[in-house]
Amino acid sequence: MNLSVKIGRLTLQNPVTVASGTFGYGAEYARLIDLNQLGAVTVKGIRVCPVRGNPTPRTFEVTSGLLNAIGLQGPGVDAFIKKYWPFLRELKVPTIVNIWGTTVDEYVEVTRRLSELEGLGAIEINVSCPNVNGDGTAFGTDLNLLGEIVSACRRATSLTLITKLSPNVSSIVPYAKAAEQAGSDALSIMNSYPAMAIDPETRRPRLGNVTGGLSGPCIKPIAVKLVFDAARAVRIPIIGIGGIQDASDALEFIIAGATAVAIGTANFYEPQTALRVVEGLREYLKNHQIEDINDLIGSVRIERKSSC
Amino acid sequence: MVEQTATIISNRCETGLYFRLVLHAPAIAPNVQPGQFVHIRIPSLKDALLRRPFSVFDTGQETISILYKVVGKGTVALARMRENEDLSLLGPLGHGFTIPTANSEFPLLVAGGYGMAALYLLAKQSTQKGIVFAGARERNDILCEAEFRALGWDVRVATEDGSYGERGLVTQPLRTELERQAEGRKLFACGPTPMLEAVSKLAEEFGVGAEVSLDQHLCCGVGACLTCVVPVKTSDGWEYQRACTEGPVFDARKILWEAGL
Ligand SMILES: Cc1cc2nc3c(=O)[nH]c(=O)nc-3n(C[C@H](O)[C@H](O)[C@H](O)COP(=O)(O)OP(=O)(O)OC[C@H]3O[C@@H](n4cnc5c(N)ncnc54)[C@H](O)[C@@H]3O)c2cc1C
Ligand SMILES: Cc1cc2nc3c(=O)[nH]c(=O)nc-3n(C[C@H](O)[C@H](O)[C@H](O)COP(=O)(O)O)c2cc1C
Ligand code: FES
């Protein structure tokens, strides 16, 4: 039975990683789960400089979901390398580092610095952050900017590059194609969805940042559709992300066209989720007598009934 | 820190809205430090995803107990659970209190509401028996007074409605005591944030040390998500530290209260 998949030049022993920002820098969960059983460890978004992040409250629990506005708090690339890389480097599974910036130059600079690390698995570009040199719209919701960021990072590294797309677009297809054309080796779909909650008693927003991103089981059907749409438009592999809690959720993404999946919010309440998903995928393949997980990718069966 | 399925030994109403939960948690019980907490997943809370944090009130060889107040959907669901049902626990989590020894300062404990729950283990393990200042809105919210007395501690009560003990906020009898004698004493506090801020101000005013356990909203509980951050002073300004990892107990002098919690 084969569970291993390829994402760019990277081979994962199984198709299950964790979603950036939901797993710290790996070390935080090392006492609770065996990180070496994962397909890869994906770490919290890194910028060139340290970032303090948003005021509290930073998360708020909603029905079957979570709102967050952490504000990408992080140590900056130098402190990341000093403090967290020595631990990650020793793992048997690859590390995917999620990066972000407020200008194209910042993205390029982080990419360069990370490319100097021997043994780093891949770089995942988070494009769901505002472009400070422009009108503040997110890089990921402007086709030209998206192309610019991805090609600039492409020129700066030979590592596997993954572009993490924003769901906040009317159709994912042109964005998926733009990232592919600009040289991205893979796509991650999706980031959290812009959202808000208000306390009626105080009339105050529930988050310190006023608005935030929605994640968790409630976004899963949205994410499955985005993966399905993108998978039919590009040839590069897709990492499916959004509300995965068990193997059955992960299978939906794979059948819709994802080559791998990432567990996000579920880590917060069930740290064993990713490992249980690996186990569940194995069982599914066995029960359905499928030799290779790759045979399942994009295997959704669509039989349209005529409507008249 | 481990994840453990813990079986409920008992789950009874103590007074008013307060419940006492006793769990069989042999992998967690022996390792709990005073002020640490467990993060509990309540299985019947299907569409409310997050775990709920509770201080460990007391430990036995293989058991831990928790004192909780019913305030929302999670604690309502918890209160309905019965013996022999299972809960998933992560713990022990966080950085707890410094346990007073024979040579350290004389301990003054300050508790607001369920803050008593976070302080009991500290009182139990302290080699010096000090004074506990217990404050709450009304009589029913004063928890386990008898248990602190049974340990040989002096308990002084204040209620906001005057239904028990001195009328007013708990910081009043604390101030009186510090005015009587502050030197050689140290404060340990747990309760609502405004109370902790007031306690910190008193500590500063009287020049005594204080450790406070902050009640921040948590998410992961293990330091990964950066939900629970607290502004903490550093040599060159301030930084956010995690209440679930560097806390919940912090040195009161280091907290930048002005930045807002
Ligand atoms: C370190 C720590 C120790 C604690 N120890 C105790 C204890 O010993 N006894 C006790 O009764 N309570 C304790 N609390 C508070 C307890 O966690 C909340 O009362 C509980 O989470 C409420 O859950 P709910 O679903 O009933 O309320 P809801 O209001 O429905 O909860 C909604 C969300 O807000 C969070 N939340 C609500 N109130 C609080 C609060 N006061 N503090 C933190 N998060 C909150 C919940 O965890 C949940 O994520 C502690 C909190 C922390 C951070
Ligand atoms: C608390 C939190 C922090 C996150 N931080 C990042 C981040 O730093 N970079 C990023 O690209 N995505 C970040 N995300 C988005 C997740 O990686 C993921 O795309 C999203 O949560 C959807 O997956 P889920 O429903 O499984 O959580 C974060 C999500 C959460 C909940
Ligand atoms: S609750 Fe996640 S870091 Fe503290």
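Residues numbered from 1 in each chain as written. Chains lettered and ligands numbered in written order. Predicted model: local features only at pLDDT ≥ 70, side-chain atom pairs only at ≥ 80, totals over all residues. Heavy atoms only, no water.

1. Considerations on the overall build of chain B
What counts here: For helices the rule is a DSSP run of H or I covering at least 4 residues; for strands it is a run of E covering at least 2, with both sets numbered from the N terminus onward. C-alpha atoms define the radius of gyration in this analysis, and the globule rule sets the expected value at 2.2 Å times the number of residues to the power 0.38. Partly exposed residues are those whose accessible area sits between 20% and 50% of the maximum for their type, while under 20% is buried and over 50% is exposed, using a 1.4 Å probe and protein chains only. Contact definition: two residues touch when any of their heavy atoms are within 4.5 Å. Exposure was quantified through the Shrake-Rupley algorithm and a 1.4 Å probe, taking into account, for residues, occlusion by the shown protein chains and nothing else. Charge counting treats Lys and Arg as positive and Asp and Glu as negative, with His and both chain ends excluded. A charged residue contributes its charge at one atom only: NZ of Lys, CZ of Arg, CG of Asp or CD of Glu.
Regarding its fold elements, chain B presents 5 helices and 16 strands. Its C-alpha atoms give chain B a radius of gyration of 18 Å, within 12% of the compact-globule value 18 Å for 261 residues. Taken along the three principal axes of its C-alpha coordinates, chain B extends 50 × 45 × 35 Å. Counting the 261 residues in chain B, one finds 57% classified as buried. A separation threshold of at least 6 residues defines the contact pool for chain B, and within that pool the share at least 24 residues apart is 62%. Summing over all exposed atoms, chain B offers an accessible surface of approximately 10,700 Å²; the carbon and sulfur share of this is 47%. Put simply, chain B has 26 plus and 30 minus side-chain charges, and the middle of one group is 3 Å from the middle of the other.

2. Considering the packing of helix α7 (residues 247-256) of chain A against helix α9 (residues 273-287) of chain A
Residue and element names in this part refer to chain A. What counts, and what does not: Only the stretch in contact is used when a helix axis is fitted, and all axes are lines through C-alpha atoms; the angle between N-to-C directions ranges over 0 to 180 degrees. Each angle receives one of four descriptions, namely roughly parallel if under 35 degrees, roughly antiparallel if over 145, roughly perpendicular if within 65 to 115, and oblique otherwise. Handedness of a helix crossing follows the sense of rotation of the near helix relative to the far helix, less than a right angle counterclockwise being left-handed and clockwise being right-handed. For this classification, the nonpolar set comprises Ala, Val, Leu, Ile, Met, Phe, Trp, Tyr, Cys and Pro, the charged set comprises Asp, Glu, Lys and Arg, and every other residue, Gly included, is treated as polar.
Axis separation between α7 and α9 bottoms out at 8 Å; the angle between their running directions is 65°. With respect to α9, the element α7 is oriented roughly perpendicular. α9 is crossed by α7, and the crossing has right-handed handedness. Contact residues: Ala247, Ala250, Leu251, Ile254 and Ile255 in α7; Val277, Gly280, Leu281 and Tyr284 in α9. Partitioning the contact of α7 with α9 into residue classes produces 8 nonpolar, 1 polar and no charged.

3. Concerning the domain arrangement of chain B
Residue and element names in this part refer to chain B. Here is the rule we go by: As used throughout, domain bounds are those supplied by an automatic or database domain assignment. Buried area: the accessible surface (1.4 Å probe) lost by two parts on joining, summed over both.
Along its sequence, chain B is organised into domain 1 (2-93) and domain 2 (106-215). When each unit is reduced to the centre of its C-alpha atoms, the spacing between domain 1 and domain 2 is 24 Å. Residue-level contacts link 16 residues of domain 1 with 14 residues of domain 2. Buried surface at the junction of domain 1 and domain 2, summed over both partners, amounts to about 1,300 Å²; 59% is from carbon and sulfur atoms. Three residues stand out in domain 1 for area buried against domain 2, namely Tyr18, Pro34 and Phe57, and they jointly supply 42% of the buried area on that side.

4. Digging into the pattern of salt bridges
The following threshold applies: A side-chain nitrogen of Lys or Arg and a carboxyl oxygen of Asp or Glu constitute a salt bridge if their distance falls within 4 Å.
If you walk through the whole model with that rule in mind, you get 31 salt bridges over all chains. Note that glutamate 177 of chain B is salt-bridged to arginine 185 of chain B, the shortest N-O span being 2.4 Å. Exposure class is identical for glutamate 177 of chain B and arginine 185 of chain B. Each is buried. If you follow the salt bridges from partner to partner, you end up with Glu270 and Arg276 of chain A together with Glu3, Arg41 and Arg51 of chain B in one network.

5. Some remarks on the site of ligand 1
All names here are of chain B. Stated precisely, the cut-off is as follows: We call a residue near a molecule or strand whenever a single non-hydrogen atom of that residue lies within 4 Å of it. Throughout this description, a polar contact denotes any pair of N or O atoms lying within 3.5 Å of each other; where both atoms belong to protein, one of them has to be capable of donating a hydrogen while the other can accept it, and for residues adjacent in sequence the pair is counted only when both atoms sit in side chains.
Near ligand 1 you find 18 residues, and of these Pro53, Lys69, Gly74, Thr75 and Asp215 are the closest. Residue serine 55 places a main-chain N or O atom 3.0 Å away from a nitrogen atom belonging to ligand 1. Coverage of ligand 1 by the protein chains reaches 87% of its 840 Å² of free accessible surface. For the shell around ligand 1, the elements supplying multiple residues, two or more each, are β4 (52-55), β6 (63-69) and α1 (73-79). If you tally residues by element for the shell around ligand 1, the top one is β4, at 4 residues.

6. A word on the site of ligand 2
All names here are of chain A. Residues in contact with ligand 2 amount to 23 residues; listed here are only the nearest, Ser20, Lys164, Gly216, Gly243 and Thr265. Within the contact set of ligand 2, an oxygen atom lies 2.8 Å away from a backbone nitrogen or oxygen of methionine 190. With respect to ligand 2, the backbone of glycine 216 contributes an N or O atom lying 2.7 Å from an oxygen atom. When the free accessible area of ligand 2 is taken as 610 Å², the share hidden by the protein chains comes to 98%.

7. Thoughts on the pairing of strand β5 (residues 59-62) of chain A
Residues and elements named next belong to chain A. Under the convention used in this document: A pair of strands is labelled paired if DSSP reports no fewer than 2 bridges between them.
Residues Thr59 and Glu61 line the buried face of β5, whereas the alternating positions Phe60 and Val62 sit on a face that is not buried. Inspection of the sheet shows β5 paired to strand β6 (residues 65-68) by 4 bridges, in the antiparallel sense. The partner of glutamate 61 across the bridge, within β6, is leucine 66. Linking β5 back to β6 in an antiparallel pair, the connection comprises 2 residues, with serine 64 at a positive phi of about 55°.

8. Focus on the sheet that holds strand β8 (residues 106-112) of chain B
All names here are of chain B. Read across the sheet, 7 strands follow the order β11-β10-β9-β8-β12-β13-β16 without closing on themselves; strand pairing throughout is mixed. Sheet topology places β11 (166-167) and β16 (249-251) at the edges, where each strand pairs with a single neighbour. Pairing between strand β9 (residues 131-136) and strand β10 (residues 154-159): 6 bridges, direction parallel. By the bridge assignment for β10, isoleucine 131 is matched with aspartate 154. The sheet strands contacting helix α5 (residues 193-206) are β8, β12 (185-190) and β13 (209-213), and the helix crosses β12 at an angle near 170°.

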